[in-house]
Amino acid sequence: MSVIALLDYGSGNLRSAHKALLKIGAEVRICQTPAEMRGAAAVVLPGVGAFDDCMNALQRQELFEASRAFIQTGKPFLGICVGYQALFERSEEFNSCAAGLGIFQGSVVRFSEKTTRACGLKIPQIGWNQIDVVQRDCPLFQGIESGSYVYFVHSFFPKPVDNKIVATRTDYGETFASAIWRDNVFATQFHPEKSQQTGLQLLKNFVELAN
């Protein structure tokens, strides 16, 4: 069984991500330093909270460049929630100053107050919503149908410059990219570890890529 490195930079959903990966039979190593990532077959970057807090913590623990270097190896990499947003260049959250990993071009933006209010929706989006799988060949979504419900907790989401990387879309007053995929890099705005069977299937697909 290949080792999945779960990056620990103080994010609140580390424990639930760890439990979900163990539930599907993955061998997980919690990593706080680049040295602990050595030999891993895949990496998961979880996240809840503010974009800048995430990026600054990754920088302090030298996991920022280590994550970029790991992606360059071609091995599977999964970003979750703020770990998804971290893959982009910048964020508009709270006058953010921190640079993202810059793996993808684009910015992290906030839901429109005007649009969501007109639809009777609140910010943040908290709870279950559907995904439209637009890249049917994405290995992360094998066995997962369009219309499946997954769990979200967020006020911000990335707007990719390249629409070809969008793997799923979701509507919440406006349509946004709820998951992306390019080569070995996968990311979801929703929380697979909180998305019951659909989320476990997604994580199982990811672990199988590592194995």
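A brief structural summary. (Residues numbered from 1 in each chain as written. Predicted model: local features only at pLDDT ≥ 70, side-chain atom pairs only at ≥ 80, totals over all residues. Heavy atoms only, no water.)

Moving on to the pattern of salt bridges. Scanning the entire structure with this criterion turns up five salt bridges. For glutamate 65, the salt bridge goes to arginine 68, with nearest N and O atoms at 3.7 Å. Linking glutamate 65 with arginine 68, this pair stays in helix H4 (residues 63-72), spanning three residues, or about one helical turn. A residue is classified by how much of its surface remains accessible, and arginine 68, at 31% relative accessible area, is partly exposed. With its nearest N and O atoms 3.7 Å apart, the salt bridge here joins arginine 117 to glutamate 113. You can see arginine 117 and its partner glutamate 113 sitting in helix H6 (residues 113-118), four residues apart, about one turn around the helix. The structure contains a network of salt bridges with shared partners spanning Arg110, Glu113 and Arg117. (Salt bridge = Lys/Arg side-chain N within 4 Å of Asp/Glu carboxyl O. Helix = DSSP H or I, 4+ residues; strand = E, 2+ residues; numbered from the N terminus. Buried < 20%, exposed > 50% of the residue type's maximum accessible area, 1.4 Å probe, protein only.)

Before going further, it helps to spend a moment on helix H1 (residues 14-23). Buried within H1 we find Leu14, Ala17, Ala20 and Leu21. All buried residues of H1 fall inside an arc of 130° around its axis, so they share one side. Away from the buried face of H1 by more than 90 degrees, exposed residues Arg15, Lys19 and Lys23 are located. At its buried positions, H1 is contacted by strand E1 (3-7), strand E2 (27-31), strand E3 (42-45) and helix H7 (196-210). After H1 finishes, the residue glycine 25 shows a positive phi value of roughly 90°. (Arc of directions from axis to C-beta. Contact = heavy atoms within 4.5 Å.)

Attention shifts here to the nonpolar core. Counting 75 residues, the largest nonpolar core has Met55, Leu87 and Phe141 as its most contacted members. Excluding residues within four positions of it along the chain, phenylalanine 141 makes contact with Ile131, Val133, Arg136, Ala167, Thr168, Ala179, Phe190, Leu202 and Asn205. (Core = buried A, V, L, I, M, F, W, Y, C linked by side-chain atoms within 4.5 Å.)

Our focus in this paragraph is the packing of aromatic side chains. For the structure on display, the rule yields eleven aromatic pairs. Centroid distance phenylalanine 88 to phenylalanine 104: 5.6 Å. Interplanar angle 40°. Geometry classified as tilted. Of this pair, phenylalanine 88 sits in the loop between helix H5 (82-85) and strand E5 (90-91) while phenylalanine 104 sits in the loop between E5 and strand E6 (106-110), and the two are 16 residues apart along the sequence. Pair check on accessibility: phenylalanine 88 and phenylalanine 104 agree, each one buried. Taking 5.2 Å as the distance between ring centres and 40° as the angle between the ring planes, the aromatic pair formed by phenylalanine 157 and phenylalanine 176 counts as tilted. Of this pair, phenylalanine 157 sits in strand E10 (residues 156-160) while phenylalanine 176 sits in strand E12 (residues 175-182), and the two are 19 residues apart along the sequence. Using a relative accessible area of 2% as the deciding quantity, one classes phenylalanine 157 as buried. Relative accessible area serves as the criterion here: at 1%, phenylalanine 176 is assigned to the buried category. These aromatic residues form a ring-pair network of at least three members: Phe111, Phe152, Phe157, Tyr172, Phe176 and Phe190. (Phe/Tyr/Trp six-rings, centres within 6.5 Å; stacked < 30°, edge-to-face > 60°.)

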